[in-house]
Amino acid sequence: MRRKMPCWRFYYVLLGVMILFCVTAVMSFYAEAAADSTEKNEKWRELRDYPMQYGDEELTTMSLEEQLELLNPPQDMLEEFSTEELAELMLRYPLSYEMLGWFDFEISSYFSILESQSSIFSELISREGGNTAILKVADSVILDVDIINTSGGVTHAFMESASVRTETFFRNFVVAYWNRFSQEERDLYRSIHGQRSDKYYVFIENEGSRKFFEEIPLNDSEPVDGFIAASELKKRWYEKKEYPITPKDPTWKLRSLDELYRILTPPDDILKSLTLNELTELVLCYPFLRGYEDYDSARQFFNLFFERRCKVFKELLDRENGLQSLLYAYEANDLNVSALNEEGLDTEDESVIRELFLCKFVDFYSALKFHDEEVALYEKIYRKKKAVYDRIEDDEIRMAFETRLSTQMEDDASENDLEEHASTDNFEQSLESSMADLQNQMPVRGGKTAYAKYVWGAVVLGILFVGCLCIGIFKAWKTKD
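Thresholds, definitions, all that
- Residues numbered from 1 in each chain as written.
- Predicted model: local features only at pLDDT ≥ 70, side-chain atom pairs only at ≥ 80, totals over all residues.
- Heavy atoms only, no water.
- Helix = DSSP H or I, 4+ residues; strand = E, 2+ residues; numbered from the N terminus.
- Buried < 20%, exposed > 50% of the residue type's maximum accessible area, 1.4 Å probe, protein only.
- Areas by Shrake-Rupley, 256 points an atom, 1.4 Å probe, with all protein chains shown as cover.
- Patch = residues over 30% accessible without salt bridge, like charges linked within 9 Å, V, L, I, M, F, W, Y side chains within 5 Å.
- Salt bridge = Lys/Arg side-chain N within 4 Å of Asp/Glu carboxyl O.
- Lys, Arg positive; Asp, Glu negative; His and termini not counted.
- Charge placed at Lys NZ, Arg CZ, Asp CG, Glu CD.
- Axes fitted to C-alpha atoms, helices over the stretch in contact; angles between N-to-C directions.
- Parallel < 35°, antiparallel > 145°, perpendicular 65-115°, else oblique.
- Contact = heavy atoms within 4.5 Å.
- Nonpolar A, V, L, I, M, F, W, Y, C, P; charged D, E, K, R; others polar.
- Phe/Tyr/Trp six-rings, centres within 6.5 Å; stacked < 30°, edge-to-face > 60°.
- Lys NZ or Arg CZ within 6 Å of the ring centre and 35° of its normal.
- Core = buried A, V, L, I, M, F, W, Y, C linked by side-chain atoms within 4.5 Å.
- pLDDT = per-residue confidence, 0-100.
- Polar contact = N/O pair within 3.5 Å; in protein donor to acceptor, adjacent residues only side chain to side chain.

### Some words on the overall build of the protein
Move 1: Looking only at helices and strands, the protein features 28 helices and 0 strands.
Move 2: Relative to its 481 residues, the protein shows a buried fraction of 43%.
Move 3: Accessible area for the protein stands at about 26200 Å²; split by element, carbon and sulfur atoms hold 52% of it.

Structure follows, in structure tokens:
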């Protein structure tokens, strides 16, 4: 007579099967991701070109995130490309038309996203001579006027002709970055534009399309003297351990946020060589230190922005005694109470901005990172600070400096909740929101999104689990009988 398997053994077998299946699924997920990355890098090294081109059917089956990643070469290869090679690649960027369409052909938003998502473009415009390279490479392209005339205009021809896509990118780039052009670059552009107008534009029959290329809206502002490429500014970190650019620089407003963040981030070897005092001073001099005004709470500010963008601050947090260094800076900061009483929180006084930042730092990180030493040090410092804060006349303003040691976070919402409730005026969040919207809205024809290909695996796993659970219950019931 065959001996029946005990019920508890059956459950052990069931559990083992489930664990094995889950481990295999997770390993397959990461193995496939690693294989995709390796395959992409190999294609780039083999072709020295985009692994896929505009119009490739396979490209349209990918999610936005996958497309953007595929079109970025490996970092070491990116640095090997000459400036002219980068310009040639950028003028053939496979997503040019789609991205313009996503933003209803709003040029500034298009280039803002392009700077943050295309490593080729961000590297190109950060190099000395990057603008000139784009102008010269664009000038070498023969514009297919016939296809513009036969297709009914630029919009339709854009989808059919690589030369029309290149010409449109060239035109829009000049509009977006004109204020950053030197006098030499402006003169070069005017010369190129005049020649291309005589050679191509005058033969465009559609009046709207002809004006699109001929009558480019450029302002008459004087070129800014001494506009230095981002890559050159980054080298200044090796000369002097301070920010290479500040809001006082006349070129500050001409640069995108993404470019400014890159310039304000020191190279890794410099970052690791900075002392505690140097790191602390750099944190308190960070040009976006006042970014807390764009967020509803200290938690949002530090979680969503400051830790992500200010690498100096992140390095300081990771250092031994980094927290204490900021507390000592808090103690040493001589708050200008007179400026507060006269001008309020809108004052540009540096001591006020630093004090508010440090108070928010204490509010947020006391619950997360403070140990007994930091708590004792803070309490000692705050007793002295209290006498200073009592001199602030406005009660509401004084409350902004009344820090406390947090023992429990007030809001246990997830980071996604924080992003949802954060100030919509902040550009950084608007940019992330735009990317998320594009990810959700982008049409996918005949393919799968970045995560959809794993959905069926999850469904099968769920069915298997429920099935095994039902079998287990049935077996247990039969054994009991």
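### Thoughts on a negative patch on the surface
Move 1: Where like charges cluster on the molecular surface, the negative patch consists of E342, E343, E393, D394 and E396.
Move 2: With respect to the helices and strands, E342 occurs in helix α22 (residues 337-343).

### Brief notes about the packing of helix α18 (residues 276-284) against helix α23 (residues 350-368)
Packed helices, taken two at a time, are described by their axes: the angle between them and the distance between them.
Move 1: Where α18 meets α23, the axes come as close as 10 Å, and the angle between the chain directions of the two elements is 110°. On the basis of the axis angle, α18 is roughly perpendicular to α23. Facing α18, whose interface residues are E281, V283 and L284, α23 presents R354, F357 and L358.
Move 2: Across the contact of α18 with α23, the residue classes break down as 4 nonpolar, no polar and 2 charged.

### Digging into the side chain of S163
Move 1: With respect to the secondary-structure elements, S163 resides in helix α12 (residues 162-177).
Move 2: Leaving out residues up to four positions away in the same chain, S163 has contacts with V141, I142, L143 and D144.

### Things to note about the packing of aromatic side chains
Move 1: In total, this model carries 51 aromatic pairs according to the counting rule given.
Move 2: Between F306 and F313, the aromatic rings sit 5.0 Å apart at their centres with planes inclined by 65°, giving edge-to-face as the arrangement.
Move 3: A relative accessible area of 0% places F306 in the buried class.
Move 4: Given the relative accessible area of 0%, F313 is considered buried.
Move 5: In this structure, R165 packs its charged tip against the face of Y54, placed 3.8 Å from the ring centre.

### Quick word on the nonpolar core
Move 1: Counting 60 residues, the largest nonpolar core has F302, F306, F313, F357, F361 and F401 as its most contacted members.
Move 2: If one sorts the elements of this core by residue count, α23 sits on top with 10 residues.
Move 3: Aside from chain neighbours lying at most four places away, what touches F401 is L335, L340, L345, V352, E355, L356, C359, Y382, Y389 and I392.

### As for unusual backbone geometry
Move 1: Phi angles above zero are rare outside glycine, and R48 is one such case at about 50°.
Move 2: Relative to the helices and strands, R48 resides in the loop between α1 (7-47) and α2 (57-60).

### Some details on the side chain of S209
Move 1: When you line up the elements, S209 lands in helix α14 (residues 207-214).
Move 2: With near-sequence residues (within four places) excluded, S209 lies in contact with I148, G153, V154 and I204.

### Things to note about helix α21 (residues 322-332)
Move 1: Burial of α21 is extensive: 8 of the 11 residues sit out of reach of the surface.
Move 2: Within the sequence span of α21, burial applies to G322, L323, Q324, S325, L326, L327, A329 and Y330.
Move 3: Packed against the buried residues of α21 are α18, α20 (311-318), α23 and α24 (372-389).

### What to know about the packing of helix α19 (residues 298-309) against α20
Move 1: The N-to-C vectors of α19 and α20 enclose an angle of 90°; their axes lie 5 Å apart at closest approach. Here α20 runs roughly perpendicular to α19, going by the angle between their axes. Contacts between α19 and α20 involve F302, F306, E307, R308 and R309 from the former and K311, F313, K314 and L317 from the latter.
Move 2: Tallied by class, residues from the contact of α19 with α20 come to 4 nonpolar, no polar and 5 charged.

### Overview of the pattern of salt bridges
Move 1: Scanning the entire structure with this criterion turns up 27 salt bridges.
Move 2: Note that R354 is salt-bridged to E281, the shortest N-O span being 2.8 Å. Placement of the pair is R354 in helix α23 and E281 in helix α18, with a sequence separation of 73 residues.
Move 3: Classification of R354 by relative accessible area gives buried; the value is 11%.
Move 4: For E281, a relative accessible area of 39% gives the class partly exposed.
Move 5: Its salt-bridge partner being R398, residue D395 comes within 2.9 Å of it at the nearest N-O pair. Taken together, the positions of D395 and R398, both in helix α25 (residues 395-401) and 3 residues apart, correspond to about one turn of that helix.
Move 6: Through salt bridges that share partners, D49, E88 and R92 make up one connected network.

### So, the confidence of the model for the protein
Move 1: Per-residue pLDDT for the protein has a mean of 81; in total, 75% of the residues score no lower than 70.
Move 2: Every residue in residues 28-35 scores below 50 in pLDDT, and together they form 3 contacts with partners more than four places removed in sequence or on other chains.

### Observations regarding α18
Move 1: Along α18, the residues that are buried comprise L279, T280, L282, V283 and L284.
Move 2: Looking at the buried side of α18, the elements it contacts are α17 (268-273), α19, α20, α21 and α23.

### Some points on the environment of N333
Move 1: Positionally, N333 belongs in the loop between α21 and α22.
Move 2: Each residue touching N333, except ones within four places of it in the same chain, is listed here: S351, R354, E355 and K385.
Move 3: A polar atom in the side chain of N333 sits 2.9 Å from the backbone oxygen of S351.

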